[in-house]
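# Structural description and commentary
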Amino acid sequence: MKYIVTGGAGFIGGNYMHFAVNTYPEDQWICLDKLTYAGNLETLKPLEGKPNYHFVRGDIADREFIFSLFEKEKPDFVINFAAESHVDRSVTDPDIFVRTNVMGTVTLLDACRSFGIRRYHQVSTDEVYGDLPLDRPDLFFTEENQIKASSPYSASKASADLFVMAYHRTFGIPVTISRCSNNYGPYHFPEKLIPLVISRALKEEKIPVYGNGANVRDWLYVTDHCRAIDRIVREGRSGEVYNIGGHNERSNLEVVKTILHALGKPESLIEYVKDRPGHDQRYAMDPAKIERELHWEPEYSFDTGIPVTIDWYLKNREWWEHIISGEYQKYFEEQYKI
Ligand code: NAD
Ligand code: DAU
């Protein structure tokens, strides 16, 4: 079988590529990525030279390119990780979120419609459900929750989900959607909370905490997300949405303090800064459907995943220091002569 994995040079897509190429040597894995600021070929270096893997640089919203790629490769499966993924960037520049997250998804769906596909899988997010109040710990998002996005990022992801379901109903495209909670682990871009805290704490730099740090996220170790997507793509029912999460809720302040303690750094590094506009209060997933139907369950809890993650950042300083210093941009320029 031939797979196109979009956004495979990013955080979750990169982890997925490692998992898939090594777990399924009999399948062909094509990583398609535009290599935006968030895409990093260094993440994919361990896969270079594997006979069942190759990389193609391109934009999912470039219709001509996508159609010619589908014509050439005739993929059996498409797994769409590619996205603008950072909420703060969507507050300052929503436009590119519409182009990549909405137009890019529609372009991929149109290509599937034209060339045929066994399964199109959309990697979505818990953020499409909006947020839950902090004083109702009994509430969780189920697949039946209303779509109720708060930020331009989540509005673009919610729009993409609506198109995926519309293409399923109108054109009969076989699709699935997964909506996952916050991920963490290796190759996480250091603009996001957990890698930002680790990388800044190691340099004894101030840790910016938005508002009062009470907002809650439900954290899942990235390889658990990858295993869940694999299960959905192979065994999930077409036309269905699956929530993914592991009941690991923590306030932002708890996350920051846990990392500081693990690194032996003082809490005085914490600096409370201006809150994110429209900041979602709490995300909490109910993963009962994927547990029941596909027998998926996470291997890591927050308490076991965080030390593994910190260890990875300690052992792979070069990876994130290149990003922070901008060196990886130079690598791309040399690699692609752009
Ligand atoms: P990321 O920002 O680390 O990676 C995104 C990747 O997409 C990058 O490699 C980038 O170069 C590529 N890309 C961006 N625009 C593109 C385009 N137009 N064409 C082709 N490639 C393009 O993101 P991530 O955190 O790995 O998230 C991956 C997916 O998972 C996203 O769809 C995101 O919405 C979703 N998601 C993320 C989380 C999380 O906690 N990070 C949780 C749930 C769902
Ligand atoms: O829930 C899934 C989502 O998780 C994904 O869909 C997004 O792509 C992903 O970026 C993530 O979104 P968040 O906004 O939850 O992640 P982020 O790491 O940006 O922030 C986590 C929390 O930490 C959030 O409440 C904001 C806060 N924060 C973040 C940063 C970067 C801070 O307090 N300080 C910071 O410097």
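The residue numbers shown here count from 1 along each chain, following its written sequence. To label them, take the chains in the order written and letter them from A, then take the ligands in the order written and number them from 1. Only residues with pLDDT of 70 or above have their local features reported here, since the model is predicted, and side-chain atom pairs are shown and tallied only from 80 upward, although totals for entire chains, interfaces and linings are computed over all residues. Here the side-chain values reflect all heavy atoms present in the structure, with hydrogen atoms and water set aside.

We call Phe, Tyr and Trp rings a pair once their centres come within 6.5 Å, taking the six-membered ring for Trp, and we label the pair stacked below 30 degrees between planes, edge-to-face above 60, and tilted otherwise. Scanning the entire structure with this criterion turns up 21 aromatic pairs. Between Tyr-3 and Phe-77 the ring centres are 4.6 Å apart and the planes differ by 10°, which places this aromatic pair in the stacked class. With Tyr-3 in strand β1 (residues 2-6) and Phe-77 in strand β4 (residues 77-80), the pair connects residues that are 74 residues apart, well separated along the chain. Accessibility expressed as a relative area gives 2% for Tyr-3, which makes it buried. With a centroid separation of 5.5 Å and 70° between ring planes, the pair formed by Trp-312 and Trp-319 is classed as edge-to-face. Burial classification: accessible surface area is computed with a 1.4 Å probe over protein chains only, and a residue below 20% of its type maximum counts as buried, one above 50% as exposed, and the rest as partly exposed. We classify Trp-319 as buried; its relative accessible area is 7%. Put simply, the rings of Tyr-3, Tyr-16, Phe-19, Tyr-24, Trp-29, Phe-77 and Phe-81 touch in pairs and so form one group of aromatic residues. Sitting over a ring, as applied to charges here, requires NZ of Lys or CZ of Arg to be within 6 Å of the ring centre and within 35 degrees of the ring normal. Geometry around Phe-140 places Arg-282 over its ring, the cationic atom sitting 5.5 Å from the centre. A cation sits over an aromatic face here: Lys-289 above Tyr-242, 4.8 Å from the ring centre. Only DSSP runs of H or I reaching four residues or more are called helices, and only runs of E reaching two or more are called strands; each is numbered from the N terminus.

Every buried residue belonging to helix α2 (residues 63-73) is among Phe-65, Ile-66, Leu-69, Phe-70 and Glu-73, and all of these are buried. Seen end-on, α2 carries its buried residues on one side only, within an arc spanning 130°. Seen from the buried face of α2, the exposed residues on the opposite side, beyond 90 degrees, are Glu-64 and Lys-72. In what follows, residue pairs with any heavy atoms lying within 4.5 Å of each other are defined as contacts. Summarising the contacts, the buried residues of α2 are in contact with β1, β2 (28-33), β3 (53-57), β4 and α4 (95-115). Directly beyond the C-terminal end of α2, a positive phi value near 45° is found at Lys-74. What the arc describes is the spread of directions from the helix axis to the C-beta atoms.

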